[in-house]
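Okay, here's what each chain looks like letter by letter:
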Amino acid sequence: MMRSLSENQFRRIFERSPLGMAVVDAKSGRFLAVNPRFAAIVGLSEEALAGFDWRRLTHPEDLPLQQERMAQLAAGTIASFQIDKHYLRADGCSAWWRLSVSALDSDGALRFMALVEETSERVQQEQANSAAREFSERRLGALVAQGLAGTAEADLECRLTYVNERYCQIVGHPREALLGRHLGEFTTPEDWARQQSLFADLLAGGDANAILVKRYVRRDGTLSHAQVAFVLVRDAAGAPAGYSCLVTDTNELKRTEHELRDSEQRYRALNAELESKVARRTAELTATKERIVDAMARVSRSEMKFRAVFEQSPLGIALVDPLGGRVLEANERFATICGFTRDDLAQLDWSRLVRPDELPRPWSRSAPIESFRIDQRHLRQGQEAWMRVTFAPLNIEAEGRCCHLALVEDITQQKLHERELEQAREAIIDANLALQAANAELKQLATTDPLTGTWNRRHFQQVIAAEIKQALRYGQQLSLLLFDLDHFKSINDRHGHQVGDQVLVALTRLLQRNLRSTDVLARWGGEEFAVVMPHCGANEAASLAEKLRALIAGWEFTDVGCVTVSCGLAEYQPPETLDSWLKRADDALYAAKSSGRNVLCQAA
């Protein structure tokens with residue numbers, strides 16, 4: 001049976017906990033005890049927190065929710081709770097914490113135990129990631145607007161009704177050969193079967209969109225790889241009317257993937273070969289060193305045996321003067337590795353054998369060095385070469401001095417293999433970065449309107465749904481504005497669609513300069529736009545909408561002059577559904593059109 005913690009044990013845990021801990025009186029809300037970590041998090045001393053009311057540390061926005069949870073905990077309806085909130089530190093700054101609270105019943109008095117973990121860095125990172133995603137999505141909208149992504153539309157019979165020039169380039173067919181043509185005619189059979197299945201899911205009311213990696217059959221019979229995002233287009237009554245697709249060329253990506261696989265295979269083969277060589281050389285070196293050590297142990301007994309080992313060793317061996325670094329004696333293998341004759345070596349010191357910046361550390365006459373190993377570069381017959389040198393003190397006398405033993409191994413080929421391996425690894429990293437950038441651009445293409453660069457209808461509906469949840473959670477007001485350019489068809493008929501597109505883009509820029517930073521603008525379809533206004537009731541939203549309507553009516557648009565808009569406004573009324581709210585705003589817009597246009601109508 002487990003023993004309960006003694007008071008001293010609990011006190012040690014409380015004081016040394018890496019989490020902030022505090023005991024709060026349930027009735028007064030004052031701190032009865034806090035540990036050092038809690039005091040450090042809030043920026044106050046433990047003495048200052050004694051008897052301090054916890055509500056004074058809580059941000060006003062989070063106070064109602066925490067009070068509600070505290071009341072439920074005191075009433076016994078919940079055993080504990082955990083929330084993420086932001087507190088006010090002693091220096092006036094706001095910080096994010098994760099708070100876990102449970103009830104304590106001590107001598108009949110109800111108290112709360114609070115555990116606090118600071119999460120400000122994680123929240124800041126999430127905000128930075130969100131800003132990066134928004135930047136990527138804006139870049140993707142620019143790519144579509146510049147014609148870097150293919151776009152096409154097809155009816156419910158899968159026959160093309162619209163294609164842009166980039167789409168024609170990707171699929172490998174001219175525009176006149178594509179319009180009216182069935183999508184299955186220039187898609188590989190297996191990919192067409194998968195595409196039909198996706199279309200069936202869209203028509204059945206499954207996902208709002210679908211993404212397919214497929215292959216097109218070009219006019220010359222070759223295959224073109226692409227990633228296609230499909231969206232089911234509905235008419236004004238909500239009935240399916242056709243399909244819209246966004247096509248991104250992935251041929252270069254496929255080539256990169258093949259090259260990456262080939263590079264990885266070469267890397268694996270090179271790595272396996274290098275590991276095998278290293279293992280063999282290590283085994284050879286280990287065996288050789290063992291033979292040398294064994295031979296050196298018998299040197300005092302047999303000079304002849306020592307000389308045989310010295311001369312026939314597969315490793316280069318040299319005796320070196322520890323003061324000046326002069327080579328006192330070396331075997332033939334040492335001379336071969338260094339690129340000198342044995343006679344030349346008798347006139348050289350160690351500084352002539354290696355690069356000046358790679359000379360070994362100095363040796364002391366009074367304190368012999370410890371054994372150490374170093375890889376050094378040197379010139380051998382005009383070419384850079386590498387050798388691995390092991391230095392060790394040797395207790396023999398040569399020319400009246402203590403010598404050092406140098407064992408040398410030629411590792412030039414090993415270094416070359418390591419360099420090739422590093423180059424292959426860098427190539428793999430570059431290819432992975434290119435793939436990540438391509439995926440980020442594809443995500444941006446799926447969420448923005450290609451003409452205006454604003455959010456498209458699909459992404460805007462996701463934003464509205466999130467704003468509704470936020471408004472319901474915190475009891476905030478939320479309004480929706482729909483507006484439509486009056487007589488836009490006559491602008492296209494009179495000036496051409498290119499001028500009409502310029503008007504839509506100019507209108508978008510005008511709105512973005514005059515909306516609040518919290519408002520979200522999207523192209524709802526054609527010449528219709530939508531704005532969701534968080535923290536904004538009907539009266540405030542009507543004032544802003546009227547300001548925008550008057551601003552547009554007084555603006556001079558290039559080649560067109562003045563244009564007007566009709567506006568429909570609806571404040572969200574919980575617990576209505578998203579479709580109900582959109583219909584009320586749309587009805588208000590219809591009423592504005594019916595009232596003579598260039599007016600604002602507000603939904604009941």
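Residues numbered from 1 in each chain as written. Predicted model: local features only at pLDDT ≥ 70, side-chain atom pairs only at ≥ 80, totals over all residues. Heavy atoms only, no water.

A. Summary view of the packing of aromatic side chains. One pass over the structure, following the stated rule, counts 8 aromatic pairs. Ring centres 5.9 Å apart and planes at 80° place the aromatic pair Phe-460 and Trp-524 in the edge-to-face group. One end of the pair, Phe-460, is in helix α14 (residues 457-474); the other, Trp-524, is in strand β17 (residues 520-525), with 64 residues separating them in the sequence. For Trp-524, a relative accessible area of 9% puts it in the buried group. An aromatic cluster of at least three residues, connected via ring pairs, comprises Tyr-167, Phe-186 and Tyr-216. A cation sits over an aromatic face here: Lys-415 above Trp-386, 4.7 Å from the ring centre. (Phe/Tyr/Trp six-rings, centres within 6.5 Å; stacked < 30°, edge-to-face > 60°. Helix = DSSP H or I, 4+ residues; strand = E, 2+ residues; numbered from the N terminus. Buried < 20%, exposed > 50% of the residue type's maximum accessible area, 1.4 Å probe, protein only. Lys NZ or Arg CZ within 6 Å of the ring centre and 35° of its normal.)

B. Representation of the packing of helix α15 (residues 488-495) against helix α16 (residues 497-514) in the model. One can describe the packing of α15 onto α16 by two numbers: an axis separation of 7 Å at closest approach and a directional angle of 135°. Taken as axis vectors, α15 and α16 run oblique relative to one another. Of α16, the residues touching α15 (which contributes Phe-488, Ile-491, Asn-492 and His-495) are His-497, Val-499, Gly-500 and Leu-504. Within the contact of α15 with α16, the residues separate by chemical class into 4 nonpolar, 4 polar and no charged. (Axes fitted to C-alpha atoms, helices over the stretch in contact; angles between N-to-C directions. Parallel < 35°, antiparallel > 145°, perpendicular 65-115°, else oblique. Contact = heavy atoms within 4.5 Å. Nonpolar A, V, L, I, M, F, W, Y, C, P; charged D, E, K, R; others polar.)

C. Quick peek at α14. Between its first and last C-alpha atoms α14 spans 26 Å; for 18 residues at 1.5 Å apiece the expected length is 26 Å, and the two agree. Residues Arg-458, His-459, Phe-460, Val-463, Ile-464, Glu-467, Ile-468 and Ala-471 constitute the buried set of α14. Trailing α14 by a residue or two, Gly-475 shows a phi angle of about 65°, which is positive. (Expected span 1.5 Å × (residues − 1).)

D. Molecular detail of the packing of α16 against helix α17 (residues 538-553). Running from N to C, α16 and α17 cross one another at 140°; their axes reach a closest spacing of 11 Å. With respect to α17, the element α16 is oriented oblique. The element α16 and its partner α17 pack so that their crossing is right-handed. In contact with Leu-507, Leu-510, Leu-511 and Asn-514 of α16, α17 contributes Leu-544, Leu-548, Leu-551 and Ile-552. Split into classes, the residues belonging to the contact of α16 with α17 amount to 7 nonpolar, 1 polar and no charged. (Left-handed = near helix turned anticlockwise from the far one by under 90°.)

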